[in-house]
Amino acid sequence: MPYLRFKNVGITGIAACVPPDEIDNMAYTHFMSHAEIASVVKMTGIARRRFANSTTCASDLCVSAAQCLMTQMKIEKCDIDILIFVSQTPDYRTPPTSMMIADRLGLGKDVGAFDVNLGCSGFVYGLQIAFQYASQEGIRKVLLLNGETKSKAYSTKDKSTSLLFGDGATAVIVESIKDENSTIMSMHSNGAGSMYILMPAGGYRKPSSHDTLVERTYPDGSVRTEEHGTMDGEAVFNFTITDVPKDIKSIMNEAEITSEELDYFVPHQANKFITDHIAKKIKIPYNKILYSMHKYGNTSSVSIPLTIADIFETGRVIENSKVLMTGFGVGLSWGSVITDLNGLYNCGVIEYRL
C-alpha cells in the first residue's frame, strides 16, 4: 500500500501502567530447569516481567494510565473526541471494551470509541488510525489506549512462550499541533503466516468446550490447552529478519532519512535476539535502540509506547527527537512510523493499584 503522510499532527502525551507483581524469570523454575531458563534469558534479554492478578484486566491498566495522563496534562474530558482501544485481551467478546473504558473515564456520549484487535503491530496500526482522526477538522484530541494481559493467554508450562510475555498498558494523546512535524507511516500484512502465532480454540471457528480446555503434552515437553496461545518461533524469526528490515529500509528511503539522522529506534520488544538482528540489517547503531524488555518482557502492542514512557524521564517534555518505531507480529502484520517527538509530555510508568 502507499505510505501514509501527515503534517501538523503529533503525539503530545504518554503514560504507562503496569501491574505491581514482578516476575523474576530466573526464579520461574516450576516447569523448566535453571539451565534452560538461563539460556532463554540470555537469548531474549527478558529477565523480569509484570503479571496482572486474576481480577485485573487490560482495561483496568488502561483506565489508570489514561487517568494519570489526563490529570497531569490537565486534559478536560470533553476535549477527547475519539477513544481507540488496541488489545487482544479484552474484557469480553462483546460488548467492545473501548466503550466501557470511555464510560469509566466519564467521557460522555459524544466520544467515538472502538476496539482494534491487533497484537505486536498494534501500536503502529493504532497510531495510524489516531493520526487520521486527528487530521480531521474539528477533532480535538484522540486517546489511543494499548493494553494487554498476555500472561493470561499463554500456558506457564509452554517452553516456547512461558518466559516471554508480560502485562501492561499505555495511554497516548494524538492531536493537531502547530509544529509541522512531517510523519510517514507504513503497514503490511501476510495472512499466509497467520497460523504462526495462534490461539487454536475459544473463538467461533472452534468454540470453547470441555475438550479445548484439557491440558495436553506436546513433543517438546510443553503443556497447554487449545485455548492457550502458541507460537512457531522459527517461522516468526524468519519473518522478522526478512520482511521487517525491508520495510524499515524502504520507509527510511521514502522519508529521505539516514540512520545517522535518527535519534532513536524503538522496535517492538519481541526479544533482544530478534531486535539486534533487525538493527544489524538496517545498520542502526545499538546506542540508538531503546529497550525495556529486560524489565517488562514482550507486552505485545504495549511494548513500543511502554518503552518510550520508561526510558525518558518522568515529567519531562521530550523535544526535537526524530524516532523510528516498528511493530511486527501476529497476523502476520508489520509496519513502521517515522515521526518527531517534539513537545511530548511523558507521565512515566505507574504501578496499578486497586
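This report concerns the structure included in the present document. Note that the structure is predicted; figures quoted are calculated from it, not measured.

The tendency in soluble globular proteins is for nonpolar side chains to be buried side by side. Core analysis: the biggest nonpolar cluster contains 39 residues, and Ile11, Ile84, Leu127, Phe131, Val174, Ile308 and Met325 have the highest contact counts within it. It is helix 4 (residues 122–134) that provides the largest number of residues to this core, a total of 7 residues. When sequence neighbours within four positions are dropped, the list of residues in contact with Phe131 reads Phe6, Val9, Gly10, Ile11, Val174, Thr183, Met185 and Thr339. Residues Phe165, Ile184, Leu262 and Leu332 belong to the second largest nonpolar core, which totals 33 residues.

Let us look at the side chain of Ser59. Summarising the element assignment, Ser59 is placed in helix 2 (residues 58–72). Here Ser59 is in contact with Asp91, Thr97, Ile101 and Arg104, once residues within four sequence places are set aside.

Moving on, we come to the sheet that holds strand 14 (residues 264–267). Taken together, the 5 strands give an open sheet; going across it, the order is 1-9-17-16-14, and neighbouring strands pair in mixed fashion. Each edge of the sheet is formed by a strand with only one pairing partner; in this case those strands are strand 1 (4–6) and strand 14. Neighbour-to-neighbour, the strand axes of this sheet turn through a mean angle of 15°, independent of strand direction. In terms of strand pairing, strand 16 (residues 321–329) meets strand 17 (residues 333–341) through 9 bridges, oriented antiparallel. Along strand 17, the bridge assignment pairs Phe328 with Trp334. Relative to the sheet, helix 5 (residues 233–254) contacts strand 1, strand 9 (183–189), strand 14, strand 16 and strand 17, its axis offset from that of strand 17 by approximately 35°.

On the surface, a cluster of positive charge is contributed by Lys246, Lys249, Lys281 and Lys283. Position of Lys246 among the secondary structure elements: in helix 5. Residue Lys246 is classed as exposed on the basis of its relative accessible area of 57%.

Glancing now at the side chain of Thr161. Mapped onto the elements, Thr161 comes out in the loop between strand 7 (141–149) and strand 8 (167–176). Taking the relative accessible area as the measure of exposure, Thr161 reaches 1% and is therefore buried. Setting aside residues up to four positions removed in sequence, Thr161 forms contacts with Tyr154, Ser155 and Met231.

It is worth spelling out helix 2 at this point. In this model helix 2 runs 21 Å from its N-terminal to its C-terminal C-alpha over 15 residues, within 8% of the 21 Å that 1.5 Å per residue would give. Most of helix 2 is tucked away: 12 of the 15 residues are buried. For helix 2, every residue scored as buried is listed here: Ala58, Ser59, Asp60, Leu61, Cys62, Val63, Ser64, Ala65, Ala66, Cys68, Leu69 and Met70. The positive-phi residue at the C-terminal boundary of helix 2 is Lys74, with phi of around 55°.

This brings us to the packing of helix 5 against helix 6 (residues 272–282). Close contact between helix 5 and helix 6 brings their axes to 9 Å; oriented N to C, the two are set at 40°. Put simply, helix 5 runs oblique to helix 6. Helix 6 is crossed by helix 5, and the crossing has right-handed handedness. Residue-level contacts link Phe237, Thr240, Ile241, Val244, Pro245, Ile248 and Lys249 of helix 5 to Phe273, Ile274, His277, Ile278, Lys281 and Ile282 of helix 6. Across the contact of helix 5 with helix 6, the residue classes break down as 9 nonpolar, 2 polar and 2 charged.

Further remarks concern the pattern of salt bridges. Counting across every chain of the model gives 19 salt bridges. Linking Arg50 and Glu351 is a salt bridge whose minimum nitrogen-to-oxygen distance equals 2.9 Å. Here the residue Arg50 occupies a position in strand 4 (residues 48–51), and Glu351 occupies one in strand 18 (residues 344–351), the gap between them amounting to 301 residues. Across the pair Asp81 and Arg140 runs a salt bridge, and its minimum N-O distance is 2.7 Å. On the criterion of sequence distance, the pair formed by Asp81 in strand 5 (residues 80–86) and Arg140 in the loop between helix 4 and strand 7 is long-range, its members being 59 residues apart. Given the relative accessible area of 40%, Arg140 is considered partly exposed. Several salt bridges converge on common partners, so that one network encompasses Glu22, Asp24, Arg48, Arg50, Glu351 and Arg353.

With that settled, consider the pairing of strand 2 (residues 9–18). Remember that side chains alternate between the two faces of the sheet whenever the strand is regular. In terms of burial, strand 2 is largely enclosed, as 10 of its 10 residues are buried. Here strand 2 runs beside strand 8; their pairing, made up of 8 bridges, is antiparallel. Bridge assignment links Ala16 to a residue of strand 8, and that residue is Thr170. As defined by bridge partners, strand 2 adjoins strand 18 across 5 bridges and the pair is classed as parallel. Residue pairing across strands places Gly13 opposite Tyr345, the latter belonging to strand 18.

Cut-offs used in this document
- Residues numbered from 1 in each chain as written.
- Predicted model: local features only at pLDDT ≥ 70, side-chain atom pairs only at ≥ 80, totals over all residues.
- Heavy atoms only, no water.
- Core = buried A, V, L, I, M, F, W, Y, C linked by side-chain atoms within 4.5 Å.
- Buried < 20%, exposed > 50% of the residue type's maximum accessible area, 1.4 Å probe, protein only.
- Helix = DSSP H or I, 4+ residues; strand = E, 2+ residues; numbered from the N terminus.
- Contact = heavy atoms within 4.5 Å.
- Pairing = 2+ DSSP bridges.
- Axes fitted to C-alpha atoms, helices over the stretch in contact; angles between N-to-C directions.
- Patch = residues over 30% accessible without salt bridge, like charges linked within 9 Å, V, L, I, M, F, W, Y side chains within 5 Å.
- Areas by Shrake-Rupley, 256 points an atom, 1.4 Å probe, with all protein chains shown as cover.
- Salt bridge = Lys/Arg side-chain N within 4 Å of Asp/Glu carboxyl O.
- Lys, Arg positive; Asp, Glu negative; His and termini not counted.
- Charge placed at Lys NZ, Arg CZ, Asp CG, Glu CD.
- Expected span 1.5 Å × (residues − 1).
- Parallel < 35°, antiparallel > 145°, perpendicular 65-115°, else oblique.
- Left-handed = near helix turned anticlockwise from the far one by under 90°.
- Nonpolar A, V, L, I, M, F, W, Y, C, P; charged D, E, K, R; others polar.

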